[in-house]
Amino acid sequence: MNIETLLKSIDLIASDFLFLDSQDMNIPTAGKFLNSLEGLTGEAAELGIVPVLDVAKGMNVILECVILDSLADKGKAISTFERGIALLQEIADEYKKTGGYTKEYESYLNQAGAVTGRAIEAQAAAPGAETPSADPPQEEKKPDAEASGQQFLIQDESLLRDFISEGTEYIEEIEVNILNLENNPEDKDYINAIFRPFHSIKGVASFLNLEKIRGLSHNLESLLDKARNGELSVTPQLIDVVLAGADALKGMISSLKEALEGRNDNPLDVDLSDLETRIRNVDKGIEPERSVQKLGEILIEEGAISEEALEEGLKIKASNPDKKIGEALIQKGTVTPKQVSQALRKQAEQASELSTIRVDTRKLDDLIDMVGELVITQTMVQQDISNQENGNKNLTRNIAQLFRIASGLQKVSTSLRMIPIKQTFQRMARLARDVSKNVGKNVVVEMEGEDTELDRNMVDEIYNPLVHMIRNSVDHGLETSEERLQCGKPEKGLIQLKAYHRGGNFVVEISDDGRGLNRDKLLKKALANHVVNNVEGLTDQEIYRLIFLPGFSTAEKVTDVSGRGVGMDVVRQAVEKLRGKIEIESTPGKGTTFIARFPLTMAIIDGMIVKVGKERFILPTTAIRQALRPTREAYNHIMGQGETVNVMGQLMPLVRVYDLFNIEPEKVNPWDAILIVVEGATSSKCLLVDQIIGKAEVVIKSLGDGLKDIDGISGGAIMGDGQIGLIIDPEGLFELSER
Amino acid sequence: MDKNIKILIVDDFTTMRKVIRNLLKSVGYENIIEAEDGAIALRTLKNNEVDFIISDWNMPNMSGLELLKAVRADSELSKTPFLMVTAEALQDNVIAAVKAGVSNYIVKPFTAEVLNTKIEKILETL
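The paragraphs below set out a description of the structure included in this document. By convention here, each chain's residues receive numbers from 1 onward along its written sequence. Note on labels: chains are lettered from A, ligands numbered from 1, in written order. Given that this is a predicted model, residues contribute local features only at a pLDDT of at least 70 and side-chain atom pairs are listed and counted only at 80 or more, while totals for whole chains, interfaces and linings are drawn from all residues. The basis for every side-chain value is the complete set of heavy atoms in the structure, and neither hydrogens nor water enter the calculation.

1. With respect to the packing of helix 1 (residues 3–18) of chain A against helix 2 (residues 27–47) of chain A
Residues and elements named next belong to chain A. Note the following rule: Interaxial angle, 0 to 180 degrees, is taken between N-to-C directions of lines fitted to C-alpha atoms, where a helix line uses only the stretch in contact. Here a helix means four or more residues in a row that DSSP labels H or I, a strand means two or more in a row labelled E, and each is numbered from the N terminus. Throughout, the term roughly parallel applies to angles under 35 degrees, roughly antiparallel to angles over 145, roughly perpendicular to angles from 65 to 115, and oblique to all others. Whether a crossing is left-handed or right-handed is set by the direction in which the near helix is turned from the far one by less than a right angle, anticlockwise for left-handed and clockwise for right-handed. Contacts are assigned to residue pairs with any non-hydrogen atoms lying within 4.5 Å of each other. Any residue that is not Ala, Val, Leu, Ile, Met, Phe, Trp, Tyr, Cys, Pro, Asp, Glu, Lys or Arg is counted as polar, Gly included; the first ten are nonpolar and the last four charged.
In the contact formed by helix 1 and helix 2, the axes pass within 10 Å of each other and the chain directions differ by 160°. If you check the angle between helix 1 and helix 2, you find them roughly antiparallel. For the crossing formed where helix 1 meets helix 2, the hand is left-handed. Of the residues in helix 2, those in contact with Ile3, Thr5, Leu6, Ser9, Ile10, Ile13, Asp16 and Phe17 of helix 1 are Lys32, Phe33, Ser36, Leu37, Leu40, Glu43, Ala44 and Leu47. For the contact of helix 1 with helix 2, a count of residues per class yields 10 nonpolar, 3 polar and 3 charged.

2. Quick look at helix 17 (residues 393–416) of chain A
Residue and element names in this part refer to chain A. Keep this limit in mind: Expected helix span is given by 1.5 Å per residue-to-residue step, counting one fewer step than there are residues. The cut-offs for exposure are 20% and 50% of the maximum accessible area for each residue type, with area from a 1.4 Å probe on protein chains only; residues under the lower value are buried, those over the upper are exposed, and the others partly exposed.
Its 24 residues give helix 17 an end-to-end C-alpha distance of 35 Å, which sits within 8% of 34 Å, the value for a rise of 1.5 Å per residue. Listing the buried residues of helix 17 in full gives Ile399, Ala406, Gln410, Ser413 and Thr414. On its buried side, helix 17 packs onto helix 16 (361–387), strand 1 (418–420), strand 8 (604–612) and strand 16 (691–699).

3. Comments concerning the interface of chain A and chain B
The line we're drawing: What gets called buried area is simply the loss in accessible area from a 1.4 Å probe that two parts show on being joined, summed for both. By definition, a salt bridge exists where a carboxyl oxygen of Asp or Glu is found within 4 Å of a side-chain nitrogen of Lys or Arg. Under this definition, polar contacts are N or O atom pairs within 3.5 Å; protein pairs additionally need one hydrogen-donor-capable and one acceptor-capable atom, and for neighbouring residues in sequence, both atoms have to be side-chain atoms.
Each partner contributes to the interface: chain A provides 47 residues, whereas chain B provides 33 residues. Both sides of the chain A and chain B interface together cover about 3,500 Å² of buried area, and 62% of this is carbon and sulfur. Inspection of the region where chain A meets chain B yields 2 salt bridges. Counting every contact that joins chain A to chain B gives 9 residue pairs in polar contact (both at pLDDT 80 or more). At the level of secondary structure, the elements contributing two or more residues to the side of chain A that touches chain B comprise helix 2, helix 3 (50–68), helix 7 (157–183), helix 8 (188–207) and helix 9 (211–228) of chain A. Per-element accounting of the side of chain A that touches chain B gives the leading share, 10 residues, to helix 8 of chain A. Its residues assigned to classes, the side of chain A that touches chain B comprises 18 nonpolar, 15 polar and 14 charged.

4. Structural notes on the pairing of strand 7 (residues 591–599) of chain A
All names here are of chain A. Test applied: One requirement defines pairing of two strands: DSSP has to find at least two bridges between them.
In terms of burial, strand 7 is largely enclosed, as 8 of its 9 residues are buried. In terms of strand pairing, strand 5 (residues 505–512) meets strand 7 through 8 bridges, oriented antiparallel. In the strand pairing of strand 7, Glu509 is matched with Ile595. Strand direction decides the pairing type here: strand 6 (residues 581–587) and strand 7, joined by 7 bridges, are antiparallel. In the sheet register, Ser586 faces strand 7, and the bridge partner there is Thr592.

5. Regarding the nonpolar core
Put simply, the rule is: Buried Ala, Val, Leu, Ile, Met, Phe, Trp, Tyr and Cys residues form a nonpolar core when they are joined through side-chain atoms within 4.5 Å.
Ranked by internal contacts, the top residues of the largest apolar core, which has 75 residues, are Leu6, Met25 and Phe81 of chain A together with Tyr105 of chain B. By residue number, the principal contributor to this core is helix 3 of chain A, which donates 13 residues. If we skip the residues at most four places from it in the chain, Leu6 of chain A touches Leu40, Glu43, Ala44, Leu47, Ile49, Val52 and Ala92 of chain A. Of all hydrophobic cores here, the second largest spans 68 residues; its members include Tyr170, Ala248, Leu256 and Leu268 of chain A.

6. Topic: the sheet that holds strand 4 (residues 82–86) of chain B
Residues and elements named next belong to chain B. Taking strand neighbours across the sheet as the criterion, the 5 strands line up as 2-1-3-4-5 in an open arrangement whose pairing is parallel. Each edge of the open sheet is held by one strand with a lone partner, namely strand 2 (32–35) and strand 5 (104–107). For this sheet the average axis-to-axis angle between neighbouring strands, irrespective of direction, equals 20°. Alignment of strand 4 against strand 5, held across 4 bridges, turns out to be parallel. For Met84, the partnering residue across the bridge sits in strand 5 and is Tyr105. Its contacts with the sheet put helix 3 (residues 64–73) on strand 1 (7–10), strand 3 (52–56) and strand 4, and the angle it makes with strand 4 is roughly 170°.

7. So, the packing of aromatic side chains
All names here are of chain A. To keep things clear, this is the line we draw: Aromatic pairing here means that ring centres of Phe, Tyr or Trp (its six-membered ring) are within 6.5 Å. Orientation follows from the plane angle: under 30 degrees is stacked, over 60 is edge-to-face, and everything else is tilted. Two limits define a charge over a ring: the Lys NZ or Arg CZ must be within 6 Å of the ring centre, and within 35 degrees of the ring normal.
Scanning the entire structure with this criterion turns up 10 aromatic pairs over all chains. Between Phe617 and Phe661, the aromatic rings sit 5.4 Å apart at their centres with planes inclined by 25°, giving stacked as the arrangement. Taken together, the residues Phe617 in strand 9 (residues 615–620) and Phe661 in helix 24 (residues 657–661) connect sequence positions 44 residues apart. Classification of Phe661 as partly exposed rests on a relative accessible area of 22%. These aromatic residues form a ring-pair network of at least three members: Phe17, Phe33 and Phe81. Residue placement shows Arg427 over the ring face of Tyr463; its charged tip is 4.1 Å from the ring centre.

Pasting the structure below:
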């Protein structure tokens, strides 16, 4: 690199300027000069000629202002630009002769600054210094003054219709991508995929003069732009507010549709101020704040006092500053002390909502684990004491108190990990809409009981089976719009999600109002696929349950949505892995309901304790169908095929648990012992045990890494007497028995 | 001014293309074709003698700036007038487009008159 090249570059700019038509510099010319200056700056930086860099910087700013059309006096600016070229030539010539430039050139920056209205500072001689952009990006350029008086209003109904349908599609796209973003908050592609539709909606809305839609999408867009640039992080609040914004936009767009159909005289008559505040708060990184109601407000709300009475009370309070409003009202006899104390408690509850902290779930898990052990240990202590004769009465009483506290502690600590199913339901609702769109169906999703709580870990675990059920309902359960109309049903299919607690279980119901299960088709399929061999005498319930059997799938073609070669048997297995149960109800022509029951937590198992020899085992109650002592006649031993027991007309293989675990049993003959019918994923078998001890809830403990892969055993539990009981894994035990 | 030039509108939002088409028609331009993203626009440009490109800045797959660069890099298309439509006159975006050789830019929303003036100004300099 030498000074000659630089001189040539400057000369090139000079001659370009010479050939410039009149003084009117247009955008392409300005762009050309910008690029030439950029090249020239690079050369000057390599040579370390600071004056050239500074002057070029001033010229750059002039060009930028030409492009952005922000010059008060364009002619003057362009002649300043021209002087810049001359100055560049002079500086470079001087460098060539003397290797330096001693004359004053800084005033050029002031001139350029004056003509553009921007402050331009001389830069340090950093090589390769970038062309600076002086101003922060302008927020939003208002339409030009001359244009603002004119109407952008385009009263074209067909355009509005297009906007309504395309805009709705775009918002649905946003909803899907937000879910993706929620799972990958770092992924800029997802932010972009949400940003763009808002941007497009804003653009068209500005032409159609839909100011509310334009404004809201603009605010959401800027929020996402900040997230994209890393100025804001993708927090749940941000996602919530974007979702709420998308909903509001959708609402406004559908109100436009209603207006077109003559069903709404005041479209866009919505109050967005709350939403705008939320957007601003997220924008500024402010956490939402819940306000605490004043005591008086609570009392009015509860109907304890009238507003007039409150005002009187407030007057008393005003004259006696020490007095509290509650006191004043009680003294006046307007309210009873009880009402005030209730209101105070309510106020305290509201206040406590304000103070939440985030805790690592691992810490919570540890806590719950240890509380579990505490409960067990104290049970052990209690047993020890009751075994002692002439027990100390005081001690017994104190231990009983300890027991109460410990179980209270257990309840509280378990509740810490409970969260409402709401979010999962919302994700599923959006998924249902998404899936229905893919298969060309129309659905409405209704939710019920979304505040029902469930262990956090379970919430994650049940998501996949539920997703599969939803896909199945939309894809196979619901008919297409045409079919529905033919049957006299509403065009839109209905998917209902319900959650509730029942019998210590968390129950989820997924219903559709579709065609229902086809009994004959199921039977034909079951026979064809050899899922069953004899279908006579099966009840409807039993026939419906066939779809949970492996190798069963009635979908005629493999669809993209649910027919991935896995059927409902996978769902059943997943549910059972979580120690849950799944049931099905169906009415032909009316619809199908899947009912899945899950335990509230995975940490505790409801089990039956059985004794084999000196060992005790815990069988999950969910796997037990019945327990019996067979007659001598019911037992069969077929050589080479093993032992069977006839349980109510059904022949079931007999599994001698003591054989599998090498235990010395007390009883060997099935008619002396107890048989427990246990259901696995594919079959049922009878386990031979000595005795049933009882039922218990036990805290599941892992056996540690060294023992974790023992067939037939899924874990251990500390029993009431401090001894260990092993928890049987029915599926593994079946496999073990077949070897 | 030649109102019969062939104008290509590039925007992913169908309604937006229709808006621009209507505005163009209202000031007498009738010879209009459309493309819904940059990649399709490039193919359309290869198969049609396009006299003028009006493209949105923000598009999936290929942005308006990328399309502009691709057009300017193509020896056959490099002289085609290119008007960039932006939602805001963000300085960085505009300067980047100008450096890449954009003919002019226009900020949404705009009237048919403003659009017409921009087009005529660009055509004058050809």
